[in-house]
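# What the coordinates show
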Amino acid sequence: MERGKTLTVDLVLHNAKVYTSMGIVEAGVAINEGKIFRVAKEPNLPLASAESNLKGYLLLPGLIDSHVHLRDQQLAYKEDFSSGTAAAAAGGVTLTIDMPNNKPVTMDVKSLRERMNLAKNRSVINVAFYSAFPENLEEIHSILREGAVAFKLFLSQMIGGLDIEDDDALLQAFNEVRKRKVPIAVHAEDKGMIERMGEKMQRLGRKDLEAYLEVHSPEAERRAVQRAIQLVKKSGVHIHFCHVSSAVGLETILTAKDMGLPVTCEVTPHHLLLTSEHLKSYGIMALMDPPLRTKEDVEALWSALKHGFIDSLASDHAPHTVEEKESGSVWDARPGIPGLETMLPLLLTQVNEARLTISDLVRATSEMPAKILHLRDRGSVIEGCCADLVVVDMRREYEIDSSKFYSKARFSPFDGWRVKGKPVKTFVNGQLVMDEGEIVAKPGTGQIVRW
Ligand SMILES: [Zn+2]
């Protein structure tokens, strides 16, 4: 399209403080056909069919949450594409990458296609998909052709068709993925160690939270990280470590980074803001895997984040019913908490308290997730990029109340926390999908993002 006075674009957002690569600038943003058409001062903005005044608000790239369990299908009682993407929109998240441990597991073209078809009609934000590894490694290529953006490997339990106890099989799979240059996201906990410790605790009749922490230990994380890194050395594949929680796990990753190996890592808001002391006071509702750690672990994560060593922040939104969370002992309870609606307000609060800079927030929640997943036209407010945006009010204070979540999982260890900084509008593909907490777009407004 040519620049000129007669041009009319779809939408102009006026008077915002816009987060750009040059810092925060007072500007307007013109949007056309779902893309950012221009970021400019008032006189240089084109005419528009629709306009919105964002005076007093900060405009950021929408969050790309690279660790989300949207469930649906046989797990729709926990969450479905409609409730999960509404939760995302409410939380300023414009693209979620869906994890494959579903029922059925996303691990071949058929199961991936089925999820894409469901998501297409039900989602209000954009959705992309991880796949677990197929049994037949040849299928890796057809899964990528179908549009999965990355693979997910659980080293704590076998999900998908790959025998995780066989290093040769892992190496073969890594070599296949290496040919296509997509990353493998890894849940790093050592299966053998977890099983041995678990059996020991069962024999001792232990059912307490402390026993869960001993089974899912920092050492189990470190060992799995170490094992994955050995395979990175042999294959050259890009490994993205999910939800790093311990100082020793982190240290092992940072050593590999120092060596120039292609590894990146992610941390969740709950591992940054809660410790195992919170787990003891909140009980099983705050149980997740990996679990909350000590104050020293949390400090190590913060220090790495401030030094730019943590590549991304992701929610690990893992919805369950309250009944499942409360059922029986720690060994029966489902690990995981919802996070899509709390991630951005919690992080903005950290910005307001000067523990986190706004540029570190944007880097870790938008820019780097886009880069890690090779989504070239996403994650920044620049001309030509997809118009996936979140408008935040940095001064708005409120209390987190899980009973108001769009997610079906209406519980949170952050319930009652006072936060300062709120997403007030979310735009996806140039369309307003959330306005002051209301979902204003139709299901199907979101698109499937393919590799
Ligand atoms: Zn997860």
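In what follows, the accompanying structure is described. (Residues numbered from 1 in each chain as written. Predicted model: local features only at pLDDT ≥ 70, side-chain atom pairs only at ≥ 80, totals over all residues. Heavy atoms only, no water.)

## Regarding the sheet that holds strand E6 (residues 63-68)
Strands sit in the order E6-E7-E8-E9-E10-E11-E12-E13 across an open sheet of eight strands; the sheet is parallel. Looking at strand neighbours, the two that pair on one side only are E6 and strand E13 (312-313), the edges of this open sheet. Pairing between strand E11 (residues 239-241) and strand E12 (residues 263-267): three bridges, direction parallel. The residue bridging Ile239 from the neighbouring strand is Val263, located in E12. Here helix H13 (residues 343-352) sits on the sheet in contact with E6, strand E7 (93-98) and E13, set at roughly 120° to E6. (Pairing = 2+ DSSP bridges. Helix = DSSP H or I, 4+ residues; strand = E, 2+ residues; numbered from the N terminus. Contact = heavy atoms within 4.5 Å. Axes fitted to C-alpha atoms, helices over the stretch in contact; angles between N-to-C directions.)

## Brief notes about the coordination of the zinc ion
For the zinc ion, the full set of protein donor atoms is His67 (NE2), His69 (NE2) and Asp316 (OD), and the range of their distances to it is 2.1 to 2.3 Å. Each donor residue of the zinc ion belongs to the same chain, with the gaps between them written as H-x1-H-x246-D. Taken together, the positions of His67 in strand E6 and Asp316 in the loop between E13 and helix H12 (322-326) put the pair 249 residues apart, joining distant regions of the chain. Assessed through its relative accessible area of 8%, Asp316 is described here as buried. (Donors = N, O, S within 2.8 Å, 3.2 Å for Na, K, Ca; no water. Buried < 20%, exposed > 50% of the residue type's maximum accessible area, 1.4 Å probe, protein only.)

## Examining helix H5 (residues 191-203)
Here H5 contains 13 residues, and its C-alpha end-to-end distance of 18 Å stays within 8% of the 18 Å for a straight helix at 1.5 Å per residue. In this structure, the buried side of H5 is in contact with helix H6 (209-215) and helix H7 (218-235). The N-capping residue of H5, defined by a side-chain oxygen 3.4 Å from the backbone nitrogen of Gly192, is Asp190. Gly205 occupies a position one or two residues after H5 and carries a positive phi of about 75°. (Expected span 1.5 Å × (residues − 1). Polar contact = N/O pair within 3.5 Å; in protein donor to acceptor, adjacent residues only side chain to side chain.)

## What to know about the environment of Asn136
Examined against the element boundaries, Asn136 turns out to sit in the loop between strand E8 (126-131) and helix H3 (139-146). A C-alpha to C-alpha distance of 7.5 Å links Asn136 and Gly161, two positions 25 residues apart in sequence.

## Observations regarding the side chain of Asp72
Following the sequence through the fold, Asp72 ends up in the loop between E6 and helix H1 (81-90). Note on Asp72: relative accessible area 3%, which makes it buried. Not counting the four nearest positions on each side in its chain, Asp72 is found in contact with Glu79, Asp80, Phe81, Arg115, Leu118 and Arg122.

## Structural notes on the nonpolar core
Ranked by size, the top nonpolar core spans 106 residues in total, and within it Phe133, Phe151, Leu153, Ile184, Ile239 and Phe241 carry the most contacts. The contacts of Ile184, once residues within four sequence positions are left out, are Phe133, Phe151, Leu153, Phe174, Val177, Val237, His238, Ile239 and His240. Among the nonpolar cores identified, the runner-up in size contains 18 residues, and Val18, Ala27, Leu389 and Val391 belong to it. (Core = buried A, V, L, I, M, F, W, Y, C linked by side-chain atoms within 4.5 Å.)

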